[in-house]
Amino acid sequence: MECRSVGILPNEADSDPGERPLFPAALSPGSLPVSRVKLNHVLRFATGSKSPPRKLPATMEQCTLVPPWLESLLSTSFFSLCRAHGEETRSECNMYCLDCAGGDALCYYCRANQHKNHRVIQIRRSSYHDVVRVSEIQNLLDIGGVQTYVINSARVLFLNERPQPKTGKGVAHTCEICGRSLLDPFHFCSLGCKLVGIRRNGNTTFVAETHEAKMEKREGMSELREGAQHGIYPCTSLPPSSNPRRRKGVPHRAPLRS
């Protein structure tokens, strides 16, 4: 097959020395034994015109579902003495800075000196396991599907899974990842198990809803209530009771014969 140059791009010899050609000399249009159709296809991709959308890799798709600081938080060791303030009274490292993800745990003095205006959460312990209060993290993460517990009058959730030797009989709810028994119908026992579930299935997320999305939901619910009150969305009637028996009245004694 005869090879002819298209003439769209200049050769390396004819181009300006200060400009870098799109193709090297070995891949110039006149040196490849390809057809005009294939060459135009290559040039279209090189110039960036009408290029097809590229699908994100699985790891990049997971990054959109998980905050960048979560994995570092789950792998951080807490409740050790601070190396810089070990002689102080409040030198226990039980805090974590979300804006400086990847750093070590912080003590009270580290936060006051270096992370004053950052987003910092406090980690607590329950039965030698790390927990965080729901009130501190619910606005930063979507904790839906994670079992919560009430400890010291505060609702908390566990950071990582807790080993359980054997699941007892008659357990109705278990964690989908580690199989730990749950008190309520949740899917995961901890944030770590939910992270594993996202990596496996990708059918849930850690990204919390924005304030605008929450307001739109509230407006939609209020419109439904107003429509039901004005008869726009008629409410369905409840089905009749399946128990036809009626409660007996007060028994009356038969009159005595004289």
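Residues numbered from 1 in each chain as written. Predicted model: local features only at pLDDT ≥ 70, side-chain atom pairs only at ≥ 80, totals over all residues. Heavy atoms only, no water.

A. Here's a closer look at the sheet that holds strand S4 (residues 129-133). Strand order in the open sheet made by the four strands is S3-S4-S6-S5, with antiparallel pairing throughout. Only two strands of the sheet have a single partner each, and these edge strands are strand S3 (124-126) and strand S5 (149-151). Neighbour to neighbour, the strand axes of the sheet diverge by 55 degrees on average, direction disregarded. Bridge count between S5 and strand S6 (residues 154-158): three bridges; the pairing is antiparallel. Residue pairing in the sheet places Tyr149 in a bridge with Val156 of S6. (Pairing = 2+ DSSP bridges. Helix = DSSP H or I, 4+ residues; strand = E, 2+ residues; numbered from the N terminus. Axes fitted to C-alpha atoms, helices over the stretch in contact; angles between N-to-C directions.)

B. Region of interest: the packing of aromatic side chains. What the rule picks out here adds up to three aromatic pairs. Ring plane angle 75 degrees and centroid distance 6.4 Å describe the contact between Phe78 and Tyr96, whose orientation is recorded as edge-to-face. Of the two residues, Phe78 sits in the loop between helix H3 (70-75) and strand S1 (95-97) while Tyr96 sits in strand S1, which places them 18 residues apart along the sequence. When sorted by exposure, Phe78 lands in the same class as Tyr96, which is buried. Centre to centre, the rings of Tyr149 and Phe158 are 5.5 Å apart; their planes meet at 80 degrees, and the pair counts as edge-to-face. The pair Tyr149 / Phe158 is uniform in exposure class, with both members buried. Its guanidinium or amino end placed over the ring of Tyr108, Arg90 lies 3.8 Å from that ring's centre, counting from NZ or CZ. The aromatic ring of Phe158 is capped on one face by Arg162, whose charged end is 3.7 Å from the ring centroid. (Phe/Tyr/Trp six-rings, centres within 6.5 Å; stacked < 30°, edge-to-face > 60°. Buried < 20%, exposed > 50% of the residue type's maximum accessible area, 1.4 Å probe, protein only. Lys NZ or Arg CZ within 6 Å of the ring centre and 35° of its normal.)

C. The nonpolar core, seen in detail. Formed by 32 residues in total, the largest nonpolar core has its most connected members in Leu70, Leu73, Leu141, Leu191 and Phe206. For this core, the secondary structure elements donating two or more residues are H3, S1, helix H4 (108-114), strand S2 (120-122), helix H5 (134-137) and helix H6 (191-200). Counting residues in each nonpolar core, the second largest holds nine residues, with Val156, Phe158, Cys189 and Cys193 among its members. (Core = buried A, V, L, I, M, F, W, Y, C linked by side-chain atoms within 4.5 Å.)

D. Expanded view of the pattern of salt bridges. Evaluation of the coordinates by the stated rule reveals five salt bridges. The closest approach of N and O atoms between Asp99 and Arg119, which form a salt bridge, is 2.9 Å. Here Asp99, found in the loop between S1 and H4, pairs with Arg119, found in the loop between H4 and S2; they are 20 residues apart in sequence, far enough to count as distant. Between Asp130 and Arg125 there is a salt bridge, with the nearest N and O atoms lying 3.2 Å from each other. With a relative accessible area of 16%, Asp130 lands in the buried category. (Salt bridge = Lys/Arg side-chain N within 4 Å of Asp/Glu carboxyl O.)

E. Spatial organisation of the pairing of S6. In terms of burial, S6 is a largely internal element, four of the five residues being buried. Of the pairings in the sheet, the one linking S4 to S6 comprises three bridges and is antiparallel in character. From the neighbouring strand, Val131 faces S6, where its bridge partner is Phe158. The loop that links S5 with its antiparallel partner S6 comprises two residues; one of these, Asn152, has a positive phi angle of about 55 degrees.

F. Layout of the environment of Cys175. With respect to the helices and strands, the residue Cys175 is situated in the loop between strand S7 (173-174) and strand S8 (181-182). For the pair Cys175 and His187, spaced 12 residues apart in sequence, the C-alpha to C-alpha distance is 5.4 Å. Those residues in contact with Cys175 that sit more than four places away from it in its chain are Arg180, Leu182, His187, Phe188, Cys189 and Cys193. (Contact = heavy atoms within 4.5 Å.)

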